[in-house]
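Examining the three-dimensional arrangement
Okay, here's what each chain looks like letter by letter:
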Amino acid sequence: MYLVSEVFSGISVERAEEVVRELYGFPVRARPLTGEHNYNFHVRDDEGREFVLKIHPEKENLDGLDFEDQVQERLAERIPSVSWPRVQPTTGGERLAFIRDGDGARRPARLLTYLPGKILGEVEPHSPGLLRGLGRFVGNIDRALEGFSHPAMHRDNEWYVDNSPAIIREELKEHSPSRRAILETFLERFERCTAPVLRGLRTAVIHNDANDMNTVVSLTPEGELEVSGLVDFGDMVHTYTVCEPAIAASYVPLEKEEPLAAAAHVVRGYHEAYPLTEQEADVLFDLICMRICTEVSLASFRRRLNPANEYNYLAEEPGWETLEKLVEVRPELATGVLREACGLPPCAKTQRVVRWLEKERDRIGPLTEPDVRNSSRVVLDLSVGSPDLPGDPANMGCEELTRLLAERMKEAGAAVGIGRYDEARLLHTGKSPPLPADELPEHRTVHLGLDLFLEAGSSVLAPLDGTVHSLGDNADDAGGGPTLILEHSTGKDSATFFTLYSNLSRDSLRERREGDRVRRGDALGRVGASSENGDRPPHLHFQVVSDLMGRKGNFPHAARPGERDVWLGFCPDPNLVAGLPEEELAGGAMTTEEVRDRRQRALGEFLYTNYRRPLHFVRGYGQFLYDDEGRAYVDAVNNVPHVGHSHPRVVRAARRQMAVLNTNTRYLHGHVVRYAERLAHSMPEPLRRCTFVSSGSEANELALRLARAHTGGTDVIVHEGVYHGLTCALTDISPAEVDDFGREGGAAEHVHLVPPPDTYRGKYRRDDPDAGRKYAADVAGTIKKLQAKGKKLAAFFSESHPCSPGLIFPPRGYMEEVYRAVHEAGGVFVSDQVQVGFGRLGTHFWGFEENGVVPDVVTMGKPIGNGHPIGAVVTTPELAASLAAKTGFFSTTGGNPVSCAVGLAVLDVLEDEKLQEHALRVGKRLLEGLEELKKDFSIIGDVRGSGLYHGIELVLNPETLEPAEDEATYVTERLKDHGILVAVEGLLFNVIKIRPPMPFSEQDADRLVETLDKILDEDLAQVD
């Protein structure tokens, strides 16, 4: 689909239809398309064939049109797998025709085949894979055109790069001073650094205009968007080959938070298809910026000239926004990003620096006094997943961190603690917001230096001869305190590099001046105290930097994970200077790729993971999960860590009791009594007997035994699509398991399925005031049928708000009627509270209270222990006596002192932090936001929920309720890309499940709604 605009004056739609009928011999219907110089029309004939009619200016260069046609023929021959625009001959066999416009002017006309799909500029998201595919696509074009020649290929046009400086200068006076300064910055750098280099680079025929409005995308069989075509060959020219990827990479950054990252994806793909030279990679950034500068300059001119044709200045404001971001990027870093995308070292001289340091290893002096190399030392684990750090290292105070590090060093008998290079850390990241990104924001977590934890006042020495480059007092900066930077030379090849020493004492800066010569072994200063180093534990941060990128007195100490390889390319391993044994610094956590590969071999394929690209989490705290590089995800789906991941009170309770005693319930212990009493007394009479097990599955297994022992029956009624556990007996009563993994013959003979009381898409809807009674009648009818066969009902198992069938909220009266029917049949009513117990609904502590019934048995699972392996069954004295009379019961780990201590702590946290009230308040805000989205997006068929338990049902048609299964999966994956975890549920796999830990906040709710709003505006993996 092409961008549609209003009808152009001069040639009407009717005239376009007449031209095709007269010249090409078939009737069509036409609609106008935008164009810069031509009249363009999309035409369709009665057979559904589609074409583009292009009517050119009166003085069009006809050789140029032949040039375009020959290029398209060449591409069709060399890349036959792609549909290219092909010229259709007239009825007389001519490739070029002539017509008269309304003013009588004689204009050339061509009819080209139409490329189906959408324009890249009209689709979202621009995923890294899609942008990389764009780069590959244009790279393949240039490979196919290698050696191609045509007499018109040297034609001049305004988009020829050599014309850019004059165009930009001509328009400078039309811009504000701030915007003029931006243009002058890029123009000066281009003329000083890049223009002289271009003359020596390779040249070829290139498309020269692979912008986002000329690029066609379509859907792959796997549901992914890919570049499938390119249109508008009117700007083709013979020029520098490197301009092609620069042009393609200059349009995709528009309206993106990280324009350079978007450009790098395009460059990476181009290089894969048609490798760039090192010199070409070095000029890419300047060429990208110059193209955008040319775009905004020409747009400004055309807007004044013809304000009615918006197409001519469509990219003006997005272009300025992008330039304002790019002008803040240091050119050395930008070039490093693009070099890395081409498989080159980000900093060209780093390899020379590394080789020189390796050669000089034996002549490098100590960093500190005493020499760390000869001191007792221990490598400290400061990584994201470090067990030595508390649940929330991101907000850890200096005093606590200093104490923990001192304890670790004391345990190891070490005088020095070592903090690793290239280690992802959460430390201190909580003090500042993450940097904005197009998807998942990132903190700077990847450590670029080596930390030496020493006593404040320890001497810092120069390990190499050098010159004081600069000094900086950065006490309030995230870089960390007073800093000294030395400049060094590698000698013969004269490559300069730098060593950085930060977290010094403030008086260290007074002892040196810029330009001072320093000899190996000279004292540079002393390790600073926490009060003067930015509130950090006393330590020396040491870093090797190949290129300071124009900075003085400081340099970033850490990098974002997405830019890890680039920054490491500028900051080689500081141990080249420190000289510590490599084996000491080795180790750390496994990489994501290593975990994935080893997991499959060790655990087997049947244990599946979430998401297409599984996440590798190493820490959780509150409502957040952190991956191995420190990216934070809002956990909006895991109910098991009920009061929050790694809640310190729960952790402390487990640790304290684990250190004292952990045994089974055949012995007496006060914890199990206290915990049983508190659980039972949170429920109405007569639920007063509590038994502990190790999981929700075991709890439901015990409930089944209780029911059968009490009733003498064997048959069970459950809702379609529910899940009650993973044991063999519970798989029988878990249709979700049977449906997912298949079982010949369906449900077991003793299991009877009834429809969940779904008033959105079920048999009885919300507009039926009697829906509850009617759904209950299904249960009563099932009971009569099994009785007619001589069977006896043991139990009706039900989640009070069935989760797996789609987070169903039963209609009023349903559970009461079911309860009555079950009891009349002599059965037991079991309420599974794993999903909605402990205040999750906000309105009640237990979900069954909202149903208006008192069950015979209540079962709970791991959320009651915040993920600790514990489950519970609360029942009546009567049912408990029935089991005692038959067999009794024992669980080795159920009710052990550690589990009960954890359970008691969870109850304390729920009460003290008022989490039920919190759930009600946050849930109301979330529901309001989701209801507003429902008004804007017809794909949201239904929103239902309470507290922190919500379902969003997606439909393709709000009338027929056709389920949007693929779209639900897409939305879930995209929310994950933005750092929000949800899941898909429902009998038709079209319900998005929101069921977070209880600390989930109003801010998190707002972020979820805002992100969902953005994602629903995307194409949801569908292309017309």
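So, how was this worked out
Residues numbered from 1 in each chain as written. Predicted model: local features only at pLDDT ≥ 70, side-chain atom pairs only at ≥ 80, totals over all residues. Heavy atoms only, no water. Helix = DSSP H or I, 4+ residues; strand = E, 2+ residues; numbered from the N terminus. Buried < 20%, exposed > 50% of the residue type's maximum accessible area, 1.4 Å probe, protein only. Contact = heavy atoms within 4.5 Å. pLDDT = per-residue confidence, 0-100. Pairing = 2+ DSSP bridges. Patch = residues over 30% accessible without salt bridge, like charges linked within 9 Å, V, L, I, M, F, W, Y side chains within 5 Å. Areas by Shrake-Rupley, 256 points an atom, 1.4 Å probe, with all protein chains shown as cover. Salt bridge = Lys/Arg side-chain N within 4 Å of Asp/Glu carboxyl O. 1 Å grid on protein atoms, 1.4 Å probe; cavity = no way out; pocket = protein on both sides within 12 Å on 5 of 7 lines; lining within 4 Å. Points joined across faces, edges and corners; volume = space filled by probe spheres on them. Nonpolar A, V, L, I, M, F, W, Y, C, P; charged D, E, K, R; others polar. Axes fitted to C-alpha atoms, helices over the stretch in contact; angles between N-to-C directions. Parallel < 35°, antiparallel > 145°, perpendicular 65-115°, else oblique. Left-handed = near helix turned anticlockwise from the far one by under 90°. Right-handed = clockwise from strand over helix to strand, strands pointing away. Phe/Tyr/Trp six-rings, centres within 6.5 Å; stacked < 30°, edge-to-face > 60°. Core = buried A, V, L, I, M, F, W, Y, C linked by side-chain atoms within 4.5 Å. Polar contact = N/O pair within 3.5 Å; in protein donor to acceptor, adjacent residues only side chain to side chain. Arc of directions from axis to C-beta.

What follows is about the overall build of the chain. A count of helices and strands for the chain gives 30 helices and 39 strands. C-alpha atoms of the chain, sized along the principal axes, occupy 100 × 90 × 50 Å. Looking at the chain as a whole, 58% of its 1024 residues qualify as buried. Of the contacts made within the chain by residues no fewer than 6 positions apart, 74% connect residues no fewer than 24 positions apart.

The next thing to look at is the confidence of the model for the chain. Per-residue pLDDT for the chain averages 93, and the proportion of residues at 70 or more is 97%. When the criterion is pLDDT under 50, residues 1-9 qualifies, and its contacts beyond four places in sequence or with other chains add up to 36 contacts. The low-confidence segment residues 741-745 (pLDDT under 50) makes five contacts with residues lying over four places distant or belonging to another chain.

What follows covers the sheet that holds strand S12 (residues 368-369). Strand order across the open sheet formed by three strands is S12-S17-S22, with antiparallel pairing between neighbours. Where the open sheet ends on each side, the last strands, each with one partner, are S12 and strand S22 (523-526).

Turning our eyes to something else, we now look at unusual backbone geometry. For the peptide bond that leads from Glu 369 to Pro 370, omega is 5 degrees, which places it in the cis range. By secondary structure assignment, the location of Pro 370 is in the loop between S12 and strand S13 (377-380). You will see that Lys 914, though not glycine, has its phi angle at about 50 degrees, which is positive. Tracing the sequence through the fold places Lys 914 in the loop between helix H27 (897-912) and helix H28 (915-936).

It is worth spelling out a nonpolar patch on the surface at this point. A cluster of nonpolar side chains, contributed by Leu 603, Phe 606 and Leu 607, occupies part of the molecular surface with about 330 Å² of accessible area. Within the element layout of this structure, Phe 606 appears in the loop between helix H17 (592-603) and strand S25 (617-621).

This part covers the sheet that holds strand S7 (residues 118-119). Taken in spatial order, the three strands make up an open sheet running S7-S9-S10, and their pairing is antiparallel. Of all strands in the sheet, those bounded by a partner on one side alone are S7 and strand S10 (225-230). When S7 meets strand S9 (residues 215-219), the two strands line up antiparallel, connected through two bridges. Bridge pairing links Ile 119 to Val 216 in S9.

Overall, the coordinates contain four cavities of 30 Å³ or more when judged by the stated rule. Empty space within the largest cavity amounts to approximately 110 Å³. Forming the walls of the largest cavity are Trp 159, Val 161, Ser 164, Asn 208, Thr 239, Cys 243, Ala 246, Ile 247, Leu 287, Met 290, Arg 291 and Thr 294. Every element with two or more residues in the lining of the largest cavity is listed here: helix H6 (243-251) and helix H8 (278-305). In terms of residue count, the dominant contributor to the lining of the largest cavity is H8 (four residues). When its residues are assigned to classes, the lining of the largest cavity shows seven nonpolar, four polar and one charged. Space inside the second largest cavity adds up to approximately 60 Å³. Looking at the second largest cavity, it is lined by 13 residues, and the ones nearest its centre are His 642, Gln 833, Val 834, Gly 837 and Pro 863. Tallied by class, the residues present in the lining of the second largest cavity amount to six nonpolar, six polar and one charged.

The N-to-C vectors of helix H3 (residues 128-144) and helix H7 (residues 259-273) enclose an angle of 40 degrees; their axes lie 6 Å apart at closest approach. In terms of orientation, H3 lies oblique with respect to H7. The hand of the H3/H7 crossing is right-handed. Residues Pro 128, Leu 131, Arg 132, Leu 134, Gly 135, Arg 136, Val 138, Gly 139, Asn 140, Asp 142 and Arg 143 of H3 form the contact with H7, whose own contacting residues are Ala 262, His 265, Val 266, Arg 268, Gly 269, Tyr 270, Glu 272 and Ala 273. Across the contact of H3 with H7, the residue classes break down as eight nonpolar, five polar and six charged.

All right, on to the pairing of strand S31 (residues 793-799) then. Summarising burial for S31: seven of the seven residues are buried, a large majority. Two strands pair when backbone bridges link them, and strand S29 (residues 715-719) and S31 are joined in this way by three bridges, in the parallel orientation. Paired with Ile 717 across the bridge in S31 is Phe 796. With five bridges connecting them, S31 and strand S32 (residues 828-832) associate as parallel partners. Across the sheet, Ala 795 pairs through a bridge with Val 828, a residue of S32. With helix H24 (residues 814-824) bridging S31 and its parallel neighbour S32, the resulting β-α-β unit is right-handed.

Attention shifts here to the pairing of strand S16 (residues 450-453). Burial along S16 is two-sided: Leu 450 and Leu 452 and Asp 451 and Phe 453, pointing in opposite directions, are all buried. Bridge analysis of strand S14 (residues 416-419) against S16 gives three bridges, and the strand direction is antiparallel. Bridge pairing in S16 places Gly 417 opposite Phe 453.

For the rest of this paragraph, the subject is the packing of helix H4 (residues 164-171) against H8. Between H4 and H8, the least distance of the axes is 9 Å, while the angle of their chain directions is 50 degrees. For the element pair H4 / H8, the angle class is oblique. Once H4 is placed against H8, the crossing between them reads as left-handed. Taking contact as the criterion, the partners of Ser 164, Pro 165, Ile 167, Ile 168 and Glu 171 in H4 are, on H8, Met 290, Cys 293, Thr 294, Ser 297, Leu 298, Ser 300, Phe 301 and Arg 304. Tallied by class, the residues present in the contact of H4 with H8 amount to seven nonpolar, four polar and two charged.

Counting across every chain of the model gives 18 aromatic pairs. With 5.8 Å between their ring centres and 55 degrees between their planes, Trp 356 and Phe 497 make a pair best called tilted. One end of the pair, Trp 356, is in helix H11 (residues 350-359); the other, Phe 497, is in strand S20 (residues 496-502), and 141 residues separate them in sequence. Comparing Trp 356 with Phe 497 shows no difference in burial state: the two are buried.

So, about the side chain of Ser 734. When you line up the elements, Ser 734 lands in the loop between helix H21 (728-732) and helix H22 (735-741). With a relative accessible area of 0%, Ser 734 lands in the buried category. In contact with Ser 734, not counting residues within four places along its chain, are Val 722, Tyr 723, His 724 and Gly 725.

Before going further, it helps to examine the pattern of salt bridges. Where side chains of opposite charge bring their charged atoms close, a pairing between them can arise. Within the structure shown, the criterion is met by 71 salt bridges. Arg 291 is the salt-bridge partner of Asp 209, the closest N and O atoms lying 3.2 Å from each other. Of the two residues, Asp 209 is situated in the loop between strand S8 (203-206) and S9 and Arg 291 in helix H8; the sequence distance between them amounts to 82 residues. On the accessibility criterion, Asp 209 (6% relative accessible area) is buried. Several salt bridges converge on common partners, so that one network encompasses Asp 422, Glu 442, Arg 564, Asp 627, Glu 629 and Arg 631.

This paragraph deals with the nonpolar core. Judged by nonpolar contacts, the single largest core of 99 residues is most densely connected at Val 71, Leu 75, Trp 84, Val 242, Leu 287 and Leu 323. Considering each element in turn, this core owes the most residues, 12 residues, to H8. Leaving out residues up to four positions away in the same chain, Trp 84 has contacts with Gln 72, Leu 75, Ala 76, Ile 79, Thr 113, Leu 115, Phe 137, Ile 141 and Phe 233. With 64 residues, the next largest nonpolar core counts Leu 679, Val 902, Val 906 and Leu 1016 among its residues.

Let's shift gears to the side chain of Arg 631. Counting through the fold element by element, Arg 631 comes out in the loop between strand S26 (624-627) and strand S27 (632-635). Within the local environment of Arg 631, its side chain forms a polar contact with the side chain of Glu 629, the two groups lying 2.9 Å apart. Beyond its immediate stretch of four places on either side in the chain, Arg 631 contacts Leu 440, Glu 442, Pro 561, Gly 562, Leu 625 and Tyr 626.

Residues that lie three or four places apart on an α-helix share one face, since the helix turns once every 3.6 residues. Three or more residues of H11 are buried, namely Thr 350, Val 353, Val 354, Trp 356 and Leu 357. Around the axis of H11, the buried residues are gathered within 165 degrees of arc, so they sit on the same side. Seen from the open side of H11, the exposed residues pointing more than 90 degrees away from its buried face are Arg 355 and Lys 359. The elements touched by buried residues of H11 are strand S19 (481-489), S20, strand S23 (539-545), helix H14 (564-570) and helix H15 (575-578).

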